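Analysis of the macromolecular model
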Amino acid sequence: MGGKHFIEWYPGNYGIALKIKNKIIEKKSQYQKIEIYETENFGKMLVIDEKIQLLEKGEKSYHEPLVHTVLLAHPNPRRILIIGGGDGCAVREVLRYDIDFVEMVEIDREVIEISMNYLKIDNGVLKSLINKSEPRASLTIEDGVEYIKNCKKIFDVVIVDSTDPVKAAKPLFSKDFYKHIYNILDEKGLFITQAGSLYFLTKNTIETYNKIEKVFDKTHIFIFPVKGYASPWSFVVGVKGDIDFERVDLKKAEKLKLEYYDPWNHRALFYLPRYLKDSLLSQLNMEASFLILRG
Ligand code: AG3
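One structure accompanies this document, and this report is about it. (Residues numbered from 1 in each chain as written. Predicted model: local features only at pLDDT ≥ 70, side-chain atom pairs only at ≥ 80, totals over all residues.)

**Things to note about the pairing of strand β2 (residues 14–28)**
Pairing analysis gives six bridges linking strand β1 (residues 5–10) to β2, with the strands arranged antiparallel. Among the inter-strand pairings, Trp9 is bridged to a residue of β2, identified as Gly15. Once β1 ends, the chain turns through three residues before running back antiparallel as β2, passing Gly12 with a positive phi of about 90°. Between β2 and strand β3 (residues 33–39), which pair antiparallel and follow one another directly, the connecting turn spans four residues. (Pairing = 2+ DSSP bridges. Helix = DSSP H or I, 4+ residues; strand = E, 2+ residues; numbered from the N terminus.)

What follows is the structure in structure tokens.
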């Protein structure tokens, strides 16, 4: 393959490669190495510690299933918390709803600054968080684990938009952290996290599911094809109280004009590949097995 390219390697010597025009910026923050490239066909690309975080043309294939599945399934999502998401795309999607407030907690200020100045796909939301000019949104620069431990507020939906479970993001995949999330949710609440590539980071997917399943009243797992990641990518949803995550509000969905996630086909999310069912079934208790199999 001629020309300059970027490859993210996954376990199994499997990689995702993109032709690039040039590197726009590289910066080492206190926590990680942050890079932005201009790609040939997908606009800008954000890379953290050699791992592709998003492609400008395609990021919605990740942020739509991450945000809209839970916001359309919750009967009245008013108070939202995002852990991570420094590029501003998740909060941009959340602000499309009629909410009371969204709070974003990001550990790395540099991700926000670089995204605001070089990526610029957040619709100006990051600037409004910093200027405090969006009354419905606020930003805290803090480790999500610490924040949640000391948090006295109550939320309807918690979204974890993190990097893979290494370095600073590792504790965001712990059972302890999930317990704290459960505690800051109202009596009815939803929690969602990305859980890695189903085929290439399977251990991450299964472990995340198993931990959340021990803490939440009901747990769902779904996969989605994401541009720029080794798809299918997995997401795990924890339900607290009486909410049916298999139903979404189609009236609300109408106005959103989504590109990738189709709320009219929400149930399709739960038809899992045999591969995932088999891996989960070999490790789960009977009740959870029933849930997985019923699809
Ligand atoms: N979410 C990043 C998901 C993990 C990507 N992992 C990988 N490429 N190995 C955060 C960025 C999007 N807001």
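Having seen the model, we can carry on.
**What about the site of the ligand?**
Taken together, 15 residues surround the ligand, and among them Lys51, Ile52, Gln53, Leu54 and Asp161 come closest. The set of elements that each furnish at least two residues to the shell around the ligand consists of β5 (51–55) and α2 (89–94). Looking at which element gives the most residues to the shell around the ligand, the answer is β5, with four residues. When residues of the shell around the ligand are assigned to domains, at least three map to each of domain 1 (5–55) and domain 2 (60–293). (Near = placed C-beta within 6 Å. Domains from an automatic or database assignment.)

**Here we look at the nonpolar core**
By size, the foremost hydrophobic cluster in this structure holds 80 residues, and its most contacted members are Val70, Ile82, Val94, Val158, Ile159, Leu190 and Val237. Of all the elements, helix α1 (residues 60–73) adds the most residues to this core, at seven residues. Taken together, domain 1 (5–55) and domain 2 (60–293) each give at least three residues to this core, which thus spans both. When neighbours within four sequence positions are excluded, Val158 is seen to be in contact with Leu81, Ile181, Leu185 and Phe191. (Core = buried A, V, L, I, M, F, W, Y, C linked by C-beta atoms within 7 Å. Buried ≥ 20, exposed ≤ 12 C-beta atoms within 10 Å, placed from the backbone. Contact = placed C-beta atoms within 7 Å.)

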